[in-house]
Amino acid sequence: QVQLVESGGGLVQSGDSLRLSCVASGSTFSTYGMGWFRQAPGKEREFVAAITWSGGDTYYADSVKGRFTISRDNAKNTMYLQMNSLKLEDTAVYYCACALWNRITTNPKLWNYWGQGTQVTVSS
């Protein structure tokens, strides 16, 4: 069982930056693929970014490419999402997710564990 706890969400203005964190329990964090998803009201959960176990490969949704950066610190069991140039359409609940055996996919149904989510609201 893996527990994930997100933090760092909040209310910001368009163009601002925000950094989300996700802390994972357990001693095998360095073997997991990790990712961020988001869900806006009335919409399905969508892929935002993912990172392989070593941090050597990262993947981004087209909508955030060039603005968001995913990273991880395996020594701290923590993953980050640096969000720059935030837009109104980035408003959503952001969830971190864990993929056992580093099986990264954009399909949220195939991820194994989820955090409780953190709200990000971007205002004009």
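Let us now look at the state of the cysteines. This model, assessed by the stated rule, comprises one disulfide. With its sulfur 2.1 Å from that of its partner, C22 forms a disulfide with C96. Given an S-S torsion of about 50 degrees, the disulfide between C22 and C96 has right-handed geometry. Note that C22 is positioned in strand β3 (residues 18–24) and C96 in strand β9 (residues 92–99), a separation of 74 residues in sequence. The residues C22 and C96 share a single accessibility class, namely buried.

Right, let's talk about the pattern of salt bridges for a bit. Applying the stated criterion across every chain yields a total of four salt bridges. Linking E46 and R38 is a salt bridge whose minimum nitrogen-to-oxygen distance equals 2.6 Å. Classification of R38 by relative accessible area gives buried; the value is 5%. A salt bridge links R67 to D90, with the shortest nitrogen-to-oxygen separation between them at 2.7 Å. Of this pair, R67 sits in the loop between β6 (58–60) and β7 (68–73) while D90 sits in the loop between β8 (78–83) and β9, placing them 23 residues apart in sequence. Each member of the pair, R67 as well as D90, is classed as buried.

Here is what the cut-offs are and how they apply
Residues numbered from 1 in each chain as written. Predicted model: local features only at pLDDT ≥ 70, side-chain atom pairs only at ≥ 80, totals over all residues. Heavy atoms only, no water. Disulfide = S-S within 2.5 Å. Helix = DSSP H or I, 4+ residues; strand = E, 2+ residues; numbered from the N terminus. Buried < 20%, exposed > 50% of the residue type's maximum accessible area, 1.4 Å probe, protein only. Salt bridge = Lys/Arg side-chain N within 4 Å of Asp/Glu carboxyl O.

Coordinates in, geometry out; function isn't part of it.
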